[in-house]
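Listed below, chain by chain, are the residues.
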Amino acid sequence: MIKKIFKWVGICFAAIIALSIVIGGCSGDSDTNTKPSSVKQETKKEVQYVECDPSQMLSELEKNALKASKNYKGKDVVLVGIMSNVDSEGKYFSIEPLDRSSFITGFHITINNKEQREKVTEIDKGTKIVVKGHISDVGEIAGYYVDLHDVNIAK
């Protein structure tokens, strides 16, 4: 009696293993065929940057935050400004307009990776810089939130 139970347990165990190998093999093939092609399509997309004047953007924000949000949120932009603040942990930095107009709001530039952090490390406060990035959010108090794509010292 015990031998029959062990025999059926063994058969069930072998069937479960065989079934999982077949199912795993089928799902693995379909994933490898679809994912790389979708990744390749995304990397071919070229970003079209719009050059924007930070002073004008801040002026628009102070006049009407909703309108500024509608005009700039979701855009890929190029901003030329002055490095004004760098987070000690390397998470973000801020820029001011070239004319150093005093605005309550500003530009919060989020650093996304090690390469960007290393570039920002080499730029001193007060340096004229060129920032390329994506405006992810606009707020009447905090200003413009920009996801950094690239930063360089302006010529």
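Here the structure is a predicted model, which is why all the values come from computation and not from measurement.

(A) A look at helix 2 (residues 54-63). Residues of helix 2 that are buried: Pro-54, Ser-55, Met-57, Leu-58 and Leu-61. All buried residues of helix 2 project into a common sector of 160 degrees when viewed along the axis, lining one side. Against the buried residues of helix 2 lie strand 1 (50-52), helix 3 (65-72), strand 2 (76-86), strand 4 (106-110), strand 5 (128-139) and strand 6 (143-153).

(B) Main features of the nonpolar core. Leu-79, Phe-93, Phe-107, Val-131 and Tyr-144 are the most contacted members of the largest nonpolar core, which has 25 residues in total. If we ignore the near neighbours within four places in the chain, the residues touching Tyr-144 are Met-57, Leu-58, Leu-61, Ala-68, Tyr-72, Gly-106, Phe-107, His-108, Ile-135, Asp-137 and Val-138.

(C) Region of interest: the pairing of strand 6. Bridge count between strand 4 and strand 6: five bridges; the pairing is parallel. Residue pairing in the sheet places His-108 in a bridge with Tyr-145 of strand 6. Relative to strand 6, strand 5 is paired through ten bridges, and the arrangement is antiparallel. When the bridges of strand 6 are listed, Gly-133 appears paired with Leu-148. Hairpin connection of strand 5 to strand 6: three residues between the antiparallel strands.

(D) Region of the structure containing the confidence of the model for the protein. Model confidence for the protein is summarised by a mean pLDDT of 81, while 69% of its residues fall at 70 or above. Segment residues 25-42 is flagged for pLDDT under 50; beyond a separation of four residues in sequence, or across chains, it makes one contact in the model.

(E) Structural detail: the pairing of strand 4. Direction of pairing for strand 3 (residues 92-96) relative to strand 4: antiparallel, over a ladder of four bridges. Following the sheet pairing, Tyr-92 is matched in strand 4 by Thr-110.

(F) Structural detail: the packing of helix 2 against helix 3. In contact at an axis separation of 5 Å, helix 2 and helix 3 are set at 135 degrees when each is read in the N-to-C sense. Comparing the axis directions of helix 2 and helix 3 gives the class oblique. Across from Met-57, Glu-60, Leu-61 and Lys-63 in helix 2, the residues of helix 3 making contact are Ala-65, Ala-68, Asn-71 and Tyr-72. Of the residues contributing to the contact of helix 2 with helix 3, the split by class is five nonpolar, one polar and two charged.

(G) Fine view of the packing of aromatic side chains. Across all of its chains, the model carries two aromatic pairs by this definition. Between Tyr-72 and Tyr-144, the ring centres sit 5.8 Å apart and the planes meet at 85 degrees, which makes this aromatic pair edge-to-face. Placement of the pair is Tyr-72 in helix 3 and Tyr-144 in strand 6, with a sequence separation of 72 residues. The exposure class assigned to Tyr-144 is buried, which follows from its relative accessible area of 0%. Taken together, the ring pairs connect Tyr-72, Phe-107 and Tyr-144 into an aromatic cluster.

(H) Layout of a negative patch on the surface. A surface patch of negative charge is lined by Glu-115, Glu-118, Glu-122 and Asp-124. Locating Glu-122 in the fold gives a position in the loop between helix 4 (114-121) and strand 5.

(I) The pattern of salt bridges, seen in detail. All told, the structure shown has three salt bridges when counted by the stated rule. The closest approach of N and O atoms between Asp-137 and Lys-73, which form a salt bridge, is 3.7 Å. Residue Asp-137 is located in strand 5, and its partner Lys-73 is located in the loop between helix 3 and strand 2; the two are separated by 64 residues in the primary sequence. Residue classification places Asp-137 among the partly exposed residues on the basis of a relative accessible area of 34%. The exposure class assigned to Lys-73 is partly exposed, which follows from its relative accessible area of 45%. When the shortest N-O distance is used, the salt bridge between Lys-119 and Asp-150 registers 2.6 Å. Within this pair, whereas Lys-119 is found in helix 4, its partner Asp-150 is found in strand 6, the two being separated by 31 residues in sequence. Given a relative accessible area of 29%, Lys-119 falls into the partly exposed group. What makes Asp-150 partly exposed here is its relative accessible area of 26%.

Rules used throughout
Residues numbered from 1 in each chain as written. Predicted model: local features only at pLDDT ≥ 70, side-chain atom pairs only at ≥ 80, totals over all residues. Heavy atoms only, no water. Buried < 20%, exposed > 50% of the residue type's maximum accessible area, 1.4 Å probe, protein only. Helix = DSSP H or I, 4+ residues; strand = E, 2+ residues; numbered from the N terminus. Arc of directions from axis to C-beta. Contact = heavy atoms within 4.5 Å. Core = buried A, V, L, I, M, F, W, Y, C linked by side-chain atoms within 4.5 Å. Pairing = 2+ DSSP bridges. pLDDT = per-residue confidence, 0-100. Axes fitted to C-alpha atoms, helices over the stretch in contact; angles between N-to-C directions. Parallel < 35°, antiparallel > 145°, perpendicular 65-115°, else oblique. Nonpolar A, V, L, I, M, F, W, Y, C, P; charged D, E, K, R; others polar. Phe/Tyr/Trp six-rings, centres within 6.5 Å; stacked < 30°, edge-to-face > 60°. Patch = residues over 30% accessible without salt bridge, like charges linked within 9 Å, V, L, I, M, F, W, Y side chains within 5 Å. Areas by Shrake-Rupley, 256 points an atom, 1.4 Å probe, with all protein chains shown as cover. Salt bridge = Lys/Arg side-chain N within 4 Å of Asp/Glu carboxyl O. Lys, Arg positive; Asp, Glu negative; His and termini not counted. Charge placed at Lys NZ, Arg CZ, Asp CG, Glu CD.

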